[in-house]
Amino acid sequence: MSEPTRTPLIAGNWKMNGSLAGSEPLLREIVAGVSELTGVDVLVCPPYVYLQSVASWLGGTAVRLGSQDVSEHAGAGAFTGEIAAAMLKDFGCDYAIVGHSERRALFGDTDERVAAKFLAAQGAGLTPILCVGETLEQREQGQTQAVVASQVQAVLDAAGVAAFANAVIAYEPVWAIGTGRTATPEQAQEVHAEIRAMIAALDATIAAQLTVLYGGSVKGANAAELLAMDDIDGGLIGGASLKADDFLAICRAASR
Ligand code: PGA
């Protein structure tokens, strides 16, 4: 199901990396490189504490800003250490990653909490990037489709299909994240098509417009073949988003 109206999106997830001093030159190079490209949307997701500085460096450029997570609690209140979606919006974020596998595996983000974060992000006007993906063990046991479907279903149950008109899904097989082992384009396409079909069963128009990113060891060298697949609409990039040259090579591969 190929839809020319889906503009590719390349999102950099810096994770807990970088420094204030190092972020500015990285951003300047990214902004300069992206300014020469057309037909691709580019987004960076720095650590929370750098959002304000990054927002000021990005001001007026084509590069958008997102957070790596968001509180599931929508309102203000006694939630020590949490950051509300409205605060992220205040600081210039347009997107929020929810349900990254590192949050799920290391910080107790259950399907229910991820769904609450998705809703909190949308409630404040942020576009959630919902991450889903199976572990190696689950893949080897033939559970990939069931795992991914249940992660998507948890958000469908909480938010309804209409919510996916303003959301992004990122398929990130856990075994491919930070390992240098990328899913083959065919492996990724198969899951992307299943995700889109799941949404299409509820609303074909929303499914056709839905941006589905692939994440997991995407690099300049493998980006083009992944992005050539019908249902792969961009990438969520970890390691390769920390070096301007590497990140821009991926953005270039997505550019049309
Ligand atoms: P990676 O990370 O590109 O370093 O594999 C991707 C991600 O975790 O989003």
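Here's what I pulled together on the structure shown here.

Conventions we followed
- Residues numbered from 1 in each chain as written.
- Predicted model: local features only at pLDDT ≥ 70, side-chain atom pairs only at ≥ 80, totals over all residues.
- Heavy atoms only, no water.
- Near = heavy atom within 4 Å.
- Polar contact = N/O pair within 3.5 Å; in protein donor to acceptor, adjacent residues only side chain to side chain.
- Areas by Shrake-Rupley, 256 points an atom, 1.4 Å probe, with all protein chains shown as cover.
- Nonpolar A, V, L, I, M, F, W, Y, C, P; charged D, E, K, R; others polar.
- Axes fitted to C-alpha atoms, helices over the stretch in contact; angles between N-to-C directions.
- Helix = DSSP H or I, 4+ residues; strand = E, 2+ residues; numbered from the N terminus.
- Parallel < 35°, antiparallel > 145°, perpendicular 65-115°, else oblique.
- Left-handed = near helix turned anticlockwise from the far one by under 90°.
- Contact = heavy atoms within 4.5 Å.
- Pairing = 2+ DSSP bridges.
- Phe/Tyr/Trp six-rings, centres within 6.5 Å; stacked < 30°, edge-to-face > 60°.
- Buried < 20%, exposed > 50% of the residue type's maximum accessible area, 1.4 Å probe, protein only.

## Looking at the site of the ligand
Not every one of the 13 residues close to the ligand is listed here, only the nearest: Lys15, His100, Glu172, Gly178 and Ser217. His100 is positioned with one of its side-chain polar atoms (N or O) 2.7 Å from an oxygen atom of the ligand. Between the ligand and Gly238 there is a distance of 2.8 Å, counted from an oxygen atom to a backbone nitrogen or oxygen. For the ligand, whose free accessible area comes to 280 Å², the fraction covered by protein is 95%. Per-class residue counts for the shell around the ligand are four nonpolar, seven polar and two charged.

## Remarks on the packing of helix α10 (residues 220-227) against helix α11 (residues 244-254)
Helices that pack against each other are described as a pair by the angle of their axes relative to one another and the distance between those axes. One can describe the packing of α10 onto α11 by two numbers: an axis separation of 8 Å at closest approach and a directional angle of 25°. Here α10 is positioned roughly parallel relative to α11, judged by the angle of their axes. Between α10 and α11 the crossing geometry is right-handed. Facing Gly220, Ala223, Ala224 and Leu227 of α10, the residues of α11 in contact are Ala249, Ile250, Ala253 and Ala254.

## With respect to the sheet that holds strand β6 (residues 168-171)
Spatially, eight strands are ordered β1-β2-β3-β4-β5-β6-β7-β8 in a closed barrel, and the strand pairing comes out parallel. Each strand axis lies, on average, 25° off the axis of its neighbour in the sheet, ignoring direction. Pairing geometry for strand β2 (residues 41-45) and strand β3 (residues 64-67), over two bridges, is parallel. Within β3, the residue paired with Val44 across the bridge is Leu65.

## Some words on the packing of aromatic side chains
For the coordinates displayed, the defined rule picks out two aromatic pairs. Here Phe118 and Phe164 contribute two aromatic rings whose centre-to-centre distance is 5.3 Å and whose plane-to-plane angle is 35°, an arrangement assigned as tilted. Here the residue Phe118 occupies a position in helix α5 (residues 111-123), and Phe164 occupies one in the loop between α7 (144-159) and β6, the gap between them amounting to 46 residues. By the burial criterion, Phe118 is buried, and Phe164 matches it.

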